[in-house]
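What follows is the residue order along each chain.
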Amino acid sequence: MKVRDFSSDLTIRSKSSDRVAPKVSIILPTYARAQTTLSTAVESVLSQSFGDFELIIVDDGSRDGTADVLSEYARVDDRIILHSYHRNSGLPALRVNQAALRSRGNYIGYQFDDDVWTEDSLRVRMSELERADQLAVVYGNSEVSFGPDEGRKSIALGGPFNFAELVRQNFIANNTVLHHRSLFDVAGMYDPHVILRRYSDYDLWLRFSQYAKFIWVDQTVSLVNANLDNSLGREIPHFYTLHRKMISIHRDRFLTPGEIENYDVVDVALFADRLTESEIENYRRNVAIPFLSGFNDYCTEDELSVAASLRGRRLNLMTVKPDFSTS
């Protein structure tokens, strides 16, 4: 399944086509949060003290009234561009990439439907980014609150950039990042592969760090609500070795704006020589098949048949009489 296969049902609504291109393109993917946190997230962007931006909101096939909520916001603020998909992809990183390919700003920022920006978030980050004399990523601090299962505890995320520390673990919240759009041309975009659904932002920071200067702003610029229902961190299992090995594979050339439409988000043929047979088997059984079972709106019947039959090795099934008869 290629990235291009997920575009056939896109509808774009915009009143800003005649406006001068903004400095910043902000991308906000959403799915089924119309009745909870979506409005707060959108309003935190629209109320920014820095206003020269377009806000591309990507509705990934919601069926909970999201379209009505977003239509009202778009009616009163022409900075909003709505990307609506009839079907759900299950791949937020893919939807962010699709929006970024159609964005007009020289800088790219990210917001999410369960998070909030502080009032000066964009202004303080833009001030640093516009002073940069090279390709750069600006990020700030984030207050991260965890869900009810953890008793609503909070932690602070951020800190001075240290590559060794980043390799050890991600300390940069996705919605605190602002960067030059042209970084995509050299480092590639988010990797939308199913393996990296949970870690596409972390993977992107590691790839960006090979080409760009990272600048830390020691201010709280976002509030993150982590581990909510239907969030990636809550719903997707963690396979440490598989994820780490995938991140270590050089994929930049496949993820640039000119190439990413041909990128396969499920197959592992590109990386098979770096994975063991058991890792491929683990991926097929525990990652690919569960994903296709839950998110198959874009699959053809033939593709689903192939997915259902994927095995790294042949298995035999033994059935004995007590399994089907107690007589």
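Draft legend 1. The arrangement of the overall build of the protein in detail. Assigned secondary structure in the protein consists of eleven helices and ten strands. Relative to the globule expectation of 20 Å for 327 residues, the C-alpha radius of gyration of the protein, 21 Å, shows essentially globular dimensions. In terms of its C-alpha atoms, the protein occupies a principal-axis envelope of roughly 75 × 45 × 45 Å. Carbon and sulfur atoms form 49% of the exposed surface of the protein, whose accessible area is close to 15,600 Å².

Draft legend 2. Representation of unusual backbone geometry within the structure. With phi around 55 degrees, Ala-32 is a residue other than glycine that occupies positive phi space. On the secondary structure map, Ala-32 appears in the loop between β2 (24-30) and α1 (38-46).

Draft legend 3. How the structure looks around the environment of Ser-103. Tracing the backbone through its elements, the reader meets Ser-103 in the loop between α3 (92-101) and β5 (107-110). Residue Ser-103 is classed as buried on the basis of its relative accessible area, which comes to 7%. Residues Ser-103 and Ala-21, spaced 82 residues apart in sequence, show a C-alpha to C-alpha distance of 9.2 Å. Every residue in contact with Ser-103, bar those within four places of it in the chain, is listed here: Ser-25, Glu-54, Ile-56, Ile-108 and Arg-181. Polar side-chain contacts of Ser-103 include one of 2.6 Å to the backbone oxygen of Ala-100.

Draft legend 4. How the structure looks around the nonpolar core. Among the nonpolar cores identified, the biggest contains 60 residues, and Tyr-110, Trp-205, Phe-208, Val-266 and Tyr-283 are the most heavily contacted of them. Of all the elements, helix α10 (residues 277-294) adds the most residues to this core, at six residues. Beyond its immediate sequence surroundings of up to four residues, Phe-208 is in contact with Val-137, His-179, Leu-183, Phe-184, Ala-187, Gly-188 and Phe-214. Grouped together as the second largest cluster of nonpolar side chains are 29 residues, Leu-55, Tyr-73, Val-124 and Met-126 included.

Draft legend 5. A look at the side chain of Ser-209. Structurally, Ser-209 is set in the loop between α7 (200-208) and β10 (213-226). Excluding anything up to four places from it in sequence, Ser-209 contacts Phe-161, Phe-163 and Phe-214.

Cut-offs and rules
Residues numbered from 1 in each chain as written. Predicted model: local features only at pLDDT ≥ 70, side-chain atom pairs only at ≥ 80, totals over all residues. Heavy atoms only, no water. Helix = DSSP H or I, 4+ residues; strand = E, 2+ residues; numbered from the N terminus. Rg over C-alpha atoms; globule rule 2.2 N^0.38 Å. Areas by Shrake-Rupley, 256 points an atom, 1.4 Å probe, with all protein chains shown as cover. Buried < 20%, exposed > 50% of the residue type's maximum accessible area, 1.4 Å probe, protein only. Contact = heavy atoms within 4.5 Å. Polar contact = N/O pair within 3.5 Å; in protein donor to acceptor, adjacent residues only side chain to side chain. Core = buried A, V, L, I, M, F, W, Y, C linked by side-chain atoms within 4.5 Å.

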